[in-house]
Amino acid sequence: MNIDNCPRCGKLYAKNFRDVCPACIKEIDLEYSRCAEYLRKNKGATMQELSDETGVAVKLITKFIREGRISLVGAPNLGYPCEVCGIPIREGTMCESCRSRLIKETGQLKNNSSEQADKRRPSPGSFQIKERQKD
């Protein structure tokens, strides 16, 4: 049996599949129930409204969404923050703007590294002089 401290409350517990103690599992499930119930009655709620009215942290609500426990299908105003810039998104971890910038910057890095590799290679038809080691 593997024993660890609960990252949520700090109590010792036997590790399980949820990585928090049984008391915190119950608390998280109650927080989920409050969110689900609030959304059933208030389909147009935003993330901040949901958090304020239920007392559940935005971070935990985001986790519920990513786990598929809360669906965004019936909640048109509900979104969670982009991990880079923080604007509300409805899928993935980054907004389209941040994702595009990341792809562009990654492409530039690849181009720069391949250009540097090309500069180090001798051009065709040229000779490279290597220094011989003295015995």
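Along each chain, the written sequence defines residue order, and numbers are assigned to residues from 1. Confidence filtering applies because this is a predicted model: local features only for residues at pLDDT of at least 70, side-chain atom pairs given and counted only at 80 or more, and all residues used for totals across whole chains, interfaces and linings. Only hydrogens and water are removed before side-chain values are computed, so all heavy atoms of the structure are retained for them.

(A) Spatial organisation of the nonpolar core. Judged by nonpolar contacts, the single largest core of 27 residues is most densely connected at Cys35, Leu50, Ile61, Phe64, Ile65, Ile70 and Leu78. In this description a helix means any DSSP run of H or I spanning at least four residues, a strand means any run of E spanning at least two, and both kinds are numbered starting from the N terminus. Only helix 1 (22-41), helix 2 (47-54) and helix 3 (58-66) provide two or more residues apiece to this core. Broken down by element, this core gets its largest block of residues, six residues, from helix 1. Once residues lying within four places of it in the same chain are set aside, the contact partners of Leu50 are Cys35, Tyr38, Leu39, Gly55, Ile61 and Leu78. We define a nonpolar core as any set of buried Ala, Val, Leu, Ile, Met, Phe, Trp, Tyr and Cys residues linked to one another through side-chain atoms lying within 4.5 Å. For every residue, the accessible area obtained with a 1.4 Å probe (protein chains only) is divided by the maximum for its type, and the residue is called buried under 20%, exposed over 50%, and partly exposed between those limits. Here, two residues are considered to be in contact whenever any of their heavy atoms come within 4.5 Å of each other.

(B) Layout of the layout of surface pockets. Considered as a void within the structure, the largest pocket measures approximately 220 Å³ in volume. Method remark: on a 1 Å grid restricted to protein atoms, a set of points is classed as a cavity if a 1.4 Å probe fits but cannot get out and as a pocket if it is open with protein on both sides within 12 Å along at least five of seven lines; lining residues have an atom within 4 Å of a point. Together, Pro7, Arg8, Arg18, Asp19, Val20, Ile28, Glu31, Ala57, Lys59, Leu60 and Lys63 line the largest pocket. The set of elements that each furnish at least two residues to the lining of the largest pocket consists of helix 1 and helix 3. If one sorts the elements of the lining of the largest pocket by residue count, helix 3 sits on top with three residues. Side-chain classes are defined by residue name, with Ala, Val, Leu, Ile, Met, Phe, Trp, Tyr, Cys and Pro counting as nonpolar, Asp, Glu, Lys and Arg as charged, and the others, Gly among them, as polar. A per-class count over the lining of the largest pocket returns five nonpolar, no polar and six charged. In this structure, the second largest pocket spans a volume of roughly 180 Å³. What lines the second largest pocket is simply Tyr32, Ala36, Leu39, Arg40, Lys43, Arg69, Ile70, Ser71, Gly74 and Ala75. Residues of the lining of the second largest pocket, tallied by class, amount to five nonpolar, two polar and three charged. Grid points are joined across faces, edges and corners, and a volume is the space filled by probe spheres set on the points.

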